[in-house]
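Commentary on secondary and tertiary structure
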Amino acid sequence: MTLVAGVDSSTQSCKVVVRDAETGALVRQGRASHPDGTEVAPAAWWDALQEAVAQAGGLDDVAAVAVGGQQHGMVALDADGEVVRDALLWNDTRSAGAARDLIAELGDGDVVAGAQAWASAIGSVPVASLTVTKLRWLRDAEPENAARVAAVALPHDWLTWKLAGGLAGAGWEGLVTDRSDASGTGYWSPFTEDYRLDLLERALGSVPRLPRVLGPREAGPRLAGGGAVLAPGAGDNAGAALALGLQPGDVAVSIGTSGVVSAVAKAPTADGSGLVTGFADATGAYLPLACTLNASRVLDAARRILGVDHAGLSALALSAPAGADGLVHVPYLEGERTPNKPDATGALHGMRLTNTTPAHLARAAVEGMLCSLADGIDALRDVGVPVERLFLIGGGAQSEAVRRIAPTVLGLDVHVPTPGEYVADGAARQAAWVLSGTDAAPAWSAATDAEVVRAPAEPHVRAQYAAARELTVDRAS
Ligand SMILES: Nc1ncnc2c1ncn2[C@@H]1O[C@H](COP(=O)(O)OP(=O)(O)O)[C@@H](O)[C@H]1O
Ligand SMILES: O=C(CO)[C@@H](O)[C@H](O)COP(=O)(O)O
């Protein structure tokens with residue numbers, strides 16, 4: 001049996017799956033936690049990867065490996081290949097001002113024109129999540145660090161490079177990425193399939209070395225020591241789309257640290273409103289996507305307040321009526337990215353003596369988180385993405401309340417594939433694809449055994465959320 005490995009280096013943890021390259025059958029797996037925070041030493045990801053790989057029985061008998069991971073994180077490297085400072089993650093909002101500056105500059109002061117100019121150039125309007133804004137922040141806030149930057153990579157690129165042995169083992173040539181993750185930097189164009197070095201220079205003030213962008217099934221360097229082939233890897237959402245085998249009309253709804261709705265499209269998008277980012281996927285197509293900063297951790301916060309575990313929160317939420325008798329939770333606990341409100345805070349609206357119970361609070365948390373995703377689905381529709389089937393994945397999909405309430409808020413049946421590591425699985429499928437060299441990815445059975453959850457839509461839940469959504473306040477600091 002030929003084995004392949006897929007990695008998901010996500011915000012909260014690192015997951016590794018080892019699968020049969022031909023059938024996709026799961027053979028072994030491992031997992032290790034990442035530290036908290038929106039600024040993380042990349043070495044912590046490397047340590048977690050080592051631990052998860054060891055749990056998964058190692059890579060000695062594996063023929064190809066692909067790394068998927070959280071997108072956008074800024075991994076700045078110096079001339080010796082060492083990290084210049086801790087990585088700023090996708091959910092770090094300190095570069096919100098830099099995003100505003102970059103938009104205004106490209107529009108010569110006209111922010112609407114600037115936003116559209118960015119969307120037309122790179123498919124997305126910069127927000128604090130995108131790497132390009134983090135580089136501008138670095139230039140302005142830490143000029144001494146900015147001056148040391150010789151190369152910039154993303155989390156998945158850097159881990160792939162480390163697996164290849166880093167600068168000593170693979171040289172700068174071995175620093176590779178793929179088009180899905182490159183498209184989330186803000187300096188790679190899905191229209192020309194090339195880096196926009198002018199935009200990179202505009203942000204950082206210099207043009208550092210960038211990872212070589214591999215094609216969807218192009219082999220990268222080998223594992224240090226001459227072992228497995230390293231595949232291009234992917235951004236996490238592109239990895240999940242590959243695992244799910246998304247078809248036109250399908251939308252993946254991922255409830256991890258981020259809340260993401262994404263679909264595979266034949267052509268790139270350029271949404272000047274900034275709600276939909278026009279990323280590329282891992283197969284040579286495109287991945288229009290709307291991403292929030294607040295998803296599974298909204299439920300974690302509600303659990304903390306109520307002093308219950310996952311099952312307890314779920315039972316409470318399901319015991320309250322749809323709409324929680326008017327209690328609305330706007331879940332901007334980390335600020336927000338879609339809509340772009342980096343300084344917003346979360347809020348509870350419509351509190352009455354009758355609805356201030358643990359059950360109502362739990363219901364409002366689940367509904368508020370789902371309402372923000374429903375807004376994202378509307379944004380996808382607005383750019384012409386067909387929305388027919390929803391696939392619910394990510395850690396939050398393990399909540400029964402989320403699964404059962406989702407159709408009432410999202411207004412469609414929800415397909416829930418068997419709980420699994422879909423990003424790591426997509427990476428493993430890509431690794432098998434690189435080995436096979438065939439035109440299409442190997443036909444592993446994907447989400448065919450999904451449970452379909454049906455429930456009538458409850459439009460008043462979204463209506464009351466929409467009324468409360470704008471009434472948020474910015475953080476004091
Ligand atoms: N049964 C459950 N119900 C609700 N949330 C859950 C459940 N199990 C795990 N989670 C949440 O899922 C999140 C981790 O999911 P994951 O998709 O791995 O996140 P990420 O990709 O951002 O690292 C955590 O916030 C965790 O609390
Ligand atoms: O920023 C995005 C997508 O644009 C996020 O999807 C990150 O890629 C992190 O994902 P999780 O680790 O929360 O799944």
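Just so we're clear, the structure is a prediction, and the values are computed from it rather than from any experiment. (Residues numbered from 1 in each chain as written. Chains lettered and ligands numbered in written order. Predicted model: local features only at pLDDT ≥ 70, side-chain atom pairs only at ≥ 80, totals over all residues. Heavy atoms only, no water.)

When the domains of the protein chain are assigned, the result is domain 1 (3–236) and domain 2 (245–413 + 454–476). Using C-alpha coordinates to define each centre, domain 1 is positioned 26 Å away from domain 2. With 32 residues of domain 1 at the contact, the number on the domain 2 side is 29 residues. Carbon and sulfur atoms supply 55% of the area that domain 1 and domain 2 bury against each other, a total of about 2200 Å² over both sides. Considering only the side of domain 1, the residues that lose the most area to domain 2 are Gln12, Trp90 and Arg179, jointly responsible for 22% of the buried surface there. For the pair domain 1 and domain 2, the interface holds 2 salt bridges. (Domains from an automatic or database assignment. Contact = heavy atoms within 4.5 Å. Buried area = accessible area lost by both parts, 1.4 Å probe. Salt bridge = Lys/Arg side-chain N within 4 Å of Asp/Glu carboxyl O.)

The subject of this paragraph is the packing of aromatic side chains. Evaluation of the coordinates by the stated rule reveals 3 aromatic pairs. Between Trp45 and Trp158, the aromatic rings sit 6.5 Å apart at their centres with planes inclined by 70°, giving edge-to-face as the arrangement. One end of the pair, Trp45, is in helix H1 (residues 42–55); the other, Trp158, is in helix H6 (residues 155–163), and 113 residues separate them in sequence. Just as Trp45 is buried, Trp158 falls in that class too. (Phe/Tyr/Trp six-rings, centres within 6.5 Å; stacked < 30°, edge-to-face > 60°. Helix = DSSP H or I, 4+ residues; strand = E, 2+ residues; numbered from the N terminus. Buried < 20%, exposed > 50% of the residue type's maximum accessible area, 1.4 Å probe, protein only.)

As a structural note, the neighbourhood of ligand 2 is formed by 15 residues, with Thr11, Gln71, His72, Asp236 and Arg337 the closest of them. Backbone polar atom of Gln71 to an oxygen atom of ligand 2: 2.8 Å apart, as the coordinates give it. At a separation of 2.6 Å, an oxygen atom of ligand 2 approaches a polar side-chain atom of His72. Taking 370 Å² as the accessible area of ligand 2 by itself, protein coverage stands at 94%. (Near = heavy atom within 4 Å. Polar contact = N/O pair within 3.5 Å; in protein donor to acceptor, adjacent residues only side chain to side chain. Areas by Shrake-Rupley, 256 points an atom, 1.4 Å probe, with all protein chains shown as cover.)

In the vicinity of ligand 1, 15 residues are found, and the nearest of them are Ser10, Lys15, Thr257, Ser296 and Asp300. Between ligand 1 and Thr257 there is a distance of 2.4 Å, counted from an oxygen atom to a side-chain nitrogen or oxygen. The contact in question runs from an oxygen atom of ligand 1 to an N or O atom on the side chain of Ser296, over 2.8 Å. Look at ligand 1: alone it shows 590 Å² of surface, and the protein chains cover 83% of it. Those elements that place two or more of their residues in the shell around ligand 1 are strand S2 (13–20) and helix H11 (296–306). Of the residues assigned to the shell around ligand 1, the class counts are no nonpolar, 13 polar and 2 charged. Mapped onto the domain boundaries, the shell around ligand 1 takes at least three residues apiece from domain 1 (3–236) and domain 2 (245–413 + 454–476). (Nonpolar A, V, L, I, M, F, W, Y, C, P; charged D, E, K, R; others polar.)

Of all 9 residues in H6, 8 are buried, a share of seventy percent or more. Burial in H6 covers these residues: Pro155, His156, Asp157, Trp158, Leu159, Thr160, Trp161 and Leu163. At the C-terminal side of H6, Gly165 shows a positive phi close to 105°.

Now for the UniProt feature "site: Important for activity" (unreviewed entry) in the protein chain. Within this structure's numbering, the places UniProt gives as "site: Important for activity" (unreviewed entry) are Asp8. Looking at where Asp8 falls in the secondary structure, it is placed in strand S1 (residues 3–9). In this structure, Asp8 is in contact with Ser13, Cys14, Lys15, Gly68, Gly69, Asp236, Val423 and Ala424, ignoring residues within four places of it in sequence. (UniProt positions renumbered as here; feature names shortened; annotations may be inferred.)

Following the sequence through the fold, Asp60 ends up in the loop between H1 and strand S5 (62–69). Spatially, the C-alpha atom of Asp60 lies 9.8 Å from that of Leu223, the residues being 163 residues apart in sequence.

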